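Read off the chains here:
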Amino acid sequence: MEAALAPRRTAVPAAAETSVLTLTVAGQLCGVPVLGVRDILGSQAITPIPLAPPEVAGGLNLRGRIVTAVDLRLRLGLPAREAGGPPPMSVVVEGGGELYALLADSVGDVLALPEAGLASNLPTLDPLWREVCAGVHQDVPDSSGAAGARLLIMLDVERILDIG
């Protein structure tokens, strides 16, 4: 009598996902790869840097190291933050061996988004944004996990830091 063989179980590969730190700039949901984030800071004292491009807000001190602060609103061609409004948050990233603080209106959650869900830039996206974006994720879930009609613009940090 032959023994019945148990069916073989094959591992189903998990869909490739990318962890993304969400941030908001002038009401637009954006994201950066979380593996490139070195630190997240609240309101910081920023010292202006003479003769710097307008999108360079200045420098800040991060544990004794000078970090160049880049205002994402100005870098993306958006209006400056209103005086008296909430101060920006800083997302510290590395580029070319230096640290930079990306100034965002707010910092949100870390989301695991499927790599297959990253679509190419929309043809209607402003040319300046197309230049610095790595693509878009549609129907990004909100903080409660509910799927919604939110559009997340993935920022290409290297292109954001290519100022001048």
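Keep in mind the model is a prediction, meaning the values are calculated, not measured.

A. Broad picture of the state of the cysteines. If you walk through the whole model with that rule in mind, you get zero disulfides. With no disulfide of its own, Cys30 lies 6.9 Å from the sulfur of Cys133, the closest cysteine sulfur. A relative accessible area of 0% means that Cys30 is categorised as buried.

B. Structural view of the sheet that holds strand β6 (residues 89-95). Taken in spatial order, the five strands of this open sheet run β3-β6-β7-β5-β4, and their pairing is mixed. Whereas interior strands pair on both sides, the edge strands pair on one side only; in this sheet they are β3 (37-41) and β4 (56-62). Recorded for the sheet is a direction-independent mean angle of 30° between the axes of neighbouring strands. One ladder, built from four bridges, connects β3 with β6; its direction is antiparallel. Following the sheet pairing, Val37 is matched in β6 by Val93.

C. Quick look at the pattern of salt bridges. Inspection of every chain in the model, using the stated rule, returns six salt bridges. Notably, a salt bridge pairs Asp39 with Arg63, separated by 2.7 Å at the nearest N-O pair. Residue Asp39 is found in strand β3, and its partner Arg63 is found in the loop between β4 and β5 (65-71); the two are separated by 24 residues along the sequence. What makes Asp39 buried here is its relative accessible area of 19%. Note on Arg63: relative accessible area 67%, which makes it exposed.

D. Looking closely at the nonpolar core. In this structure, Leu23, Val32, Leu72, Val91, Leu102, Ile153 and Leu155 are the most contacted members of the largest nonpolar core, which totals 24 residues. Secondary structure elements with two or more residues in this core: β1 (17-25), β2 (28-33), β6, β7 (98-104), α2 (127-132), β10 (133-140), β11 (150-155) and α3 (157-160). Counting residues per element, this core draws most heavily on β1, which supplies three residues. Not counting the four nearest positions on each side in its chain, Val91 is found in contact with Leu21, Leu23, Val32, Val37, Asp39, Tyr100, Ala101, Leu102 and Val107. Membership of the second largest hydrophobic core comes to nine residues, among which are Leu62, Ala69, Leu99 and Ala101.

Reading guide: rules and limits
Residues numbered from 1 in each chain as written. Predicted model: local features only at pLDDT ≥ 70, side-chain atom pairs only at ≥ 80, totals over all residues. Heavy atoms only, no water. Disulfide = S-S within 2.5 Å. Buried < 20%, exposed > 50% of the residue type's maximum accessible area, 1.4 Å probe, protein only. Pairing = 2+ DSSP bridges. Helix = DSSP H or I, 4+ residues; strand = E, 2+ residues; numbered from the N terminus. Axes fitted to C-alpha atoms, helices over the stretch in contact; angles between N-to-C directions. Salt bridge = Lys/Arg side-chain N within 4 Å of Asp/Glu carboxyl O. Core = buried A, V, L, I, M, F, W, Y, C linked by side-chain atoms within 4.5 Å. Contact = heavy atoms within 4.5 Å.

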